[in-house]
Amino acid sequence: PALPNEEYDEDGNYVPYKTTGEMNTPRYLHGGMTHSGGLAYVFGGSDERGLSALDSIEFYDQSTLDEDSPAVESETGVWIDTDIEGNPIAMLEGSRILHTVTELTNGEFIIIGGTDNLSQGAPKSQAEKFDPNTRQSTAIVEPMQYPRFRHKVTRLPNGELLITGGQIQVDVTIAVPGGGGQGGGVVDQQEPRF
C-alpha cells in the first residue's frame, strides 16, 4: 500500500504546516531564509508595533531532537539565538525591519537595507554578511548608493545581486485641509526607486 501523504491528516484535511518550538524573541517584519545547509534563519524584525526593530538572529535546528525517539506530531525542534561561545547572535549594523536576506554562493548570507523604525527611521545604508558556520557578522565597507527598504534582491546566474525597487524615505508629511494655506490634502508621497 502507498504511504500516506504527510500534508493530509487521517481525516483527509490539508495540513501542510507543523508547529515548531517557540522562537526566543517573537517578531514580525523580519527577514528569513532557509540555508542550503538545511537550517532556517530569521534576521531582525520588530515588536508588535513596528516602531522598534530587533538586531537579533535566530535559527531553527530540528537535529536537536533525540534520533532514537519517534518524531512528535509537531516536529518540535529548538530555536537557537547564541553563537558558538554562548553570546547572543546580533547584526553588526543594528536593528532592521523590511530588509532582505540572500544566500551568497559561498554559503554566507547578505543582509541588505531595511530601517529601524516605521515612523521616524532612516533607511540602512550598510549591508552586512552573516556566516552560519561561525555565527558571526561582518560589515560591508561600502554603503549602498541608494539606501532603501521594502526592496527585492535577485541573485543573478553569475552570482551578482540585483537590488530593485524599494522605499527610500520613511517620513510622510500630510498637509491638513484648511490648515493655514498649506493646500488641501496634499501628501508628500514616499519615493520608490526602480
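Along each chain, residues carry numbers from 1 onward, in the same order as the chain's sequence is written. For a predicted model such as this one, the threshold for reporting local features is a pLDDT of at least 70, and the threshold for listing and counting side-chain atom pairs is 80 or more; totals across whole chains, interfaces and linings nevertheless cover every residue. For side-chain calculations, the full set of non-hydrogen atoms in the structure is used, while hydrogens and water are omitted.

## Overview of the packing of aromatic side chains
Okay, step 1: Ring pairs are drawn from Phe, Tyr and Trp, using the six-membered ring of Trp, whenever the two centres fall within 6.5 Å, and their geometry is named by plane angle: stacked under 30 degrees, edge-to-face over 60, tilted for the rest. Evaluation of the coordinates by the stated rule reveals seven aromatic pairs.
Okay, step 2: Through a chain of ring-to-ring contacts, three or more aromatic side chains come together here, namely Tyr 41, Phe 43, Phe 59, Phe 109 and Phe 130.

## Let's talk about the nonpolar core
What tends to happen in soluble globular proteins is that the nonpolar side chains get buried as a cluster.
Okay, step 1: Here, nonpolar core refers to any group of buried Ala, Val, Leu, Ile, Met, Phe, Trp, Tyr and Cys residues whose side-chain atoms link them within 4.5 Å. Residue burial is assigned from relative accessible area. The probe radius is 1.4 Å, only protein chains are included, and a residue is buried under 20% of its type maximum, exposed over 50%, and partly exposed in between. Within the largest apolar cluster, 11 residues are counted, these being Tyr 41, Phe 43, Ile 57, Phe 59, Ile 80, Ile 89, Met 91, Val 101, Phe 109, Ile 111 and Phe 130.
Okay, step 2: Pairs of residues are marked as contacts when any of their non-hydrogen atoms sit within 4.5 Å. Apart from the residues within four sequence positions on either side, Phe 43 is in contact with Arg 27, His 30, Gly 31, Ser 56, Ile 57, Met 91, His 99, Val 101, Phe 109, Ile 111 and Phe 130.
Okay, step 3: Counting residues in each nonpolar core, the second largest holds six residues, with Ile 110, Ile 112, Ala 127 and Val 153 among its members.

## Remarks on the sheet that holds strand β8 (residues 136-139)
Okay, step 1: Strands are treated as partners if at least two bridges between them are detected by DSSP. The way it works is that DSSP assigns letters per residue, a run of H or I at least four long becomes a helix, a run of E at least two long becomes a strand, and they are numbered from the N terminus. In spatial order, the strands read β5-β6-β7-β8; together these four strands make up an open sheet with antiparallel pairing. Two strands bound the open sheet, and with one partner strand each, they are β5 (100-103) and β8. Across the sheet, the mean angle from the axis of one strand to that of its neighbour is 25°, orientation sign disregarded.
Okay, step 2: Pairing analysis gives four bridges linking strand β7 (residues 128-131) to β8, with the strands arranged antiparallel. Inter-axis angles, ranging from 0 to 180 degrees, are taken between N-to-C directions of lines fitted to C-alpha atoms, where helices are fitted over the stretch in contact.

## Details of the environment of Thr 20
Okay, step 1: Its location among the elements puts Thr 20 in the segment before β1 (31-34).
Okay, step 2: Taking the C-alpha atoms as reference points, Thr 20 and Trp 79, separated by 59 residues in sequence, lie 8.6 Å from one another.

## Focus: unusual backbone geometry
Okay, step 1: Located in the positive-phi region is Leu 98, a residue other than glycine, with phi close to 60°.
Okay, step 2: By the secondary structure assignment, Leu 98 is in the loop between β4 (78-80) and β5.
Okay, step 3: Residue class for Leu 98 comes out buried when judged on its relative accessible area of 16%.
Okay, step 4: Phi is positive for Arg 150, close to 60°, though the residue is something other than glycine.
Okay, step 5: With respect to the secondary-structure elements, Arg 150 resides in the loop between β8 and β9 (152-155).

## Details of the sheet that holds strand β2 (residues 40-43)
Hydrogen bonds between backbone groups are what pair the strands of a sheet, and the pairing can be parallel or antiparallel.
Okay, step 1: One open sheet accounts for four strands, arranged β1-β2-β3-β4; its pairing is antiparallel. The strands lining the two open edges of the sheet, one partner per strand, are β1 and β4. Geometrically, the sheet is characterised by an average inter-axis angle of 20° between neighbouring strands, direction not taken into account.
Okay, step 2: Across four bridges, the pairing between β1 and β2 is antiparallel. Looking across to β2, one finds that Met 33 is bridged to Tyr 41.

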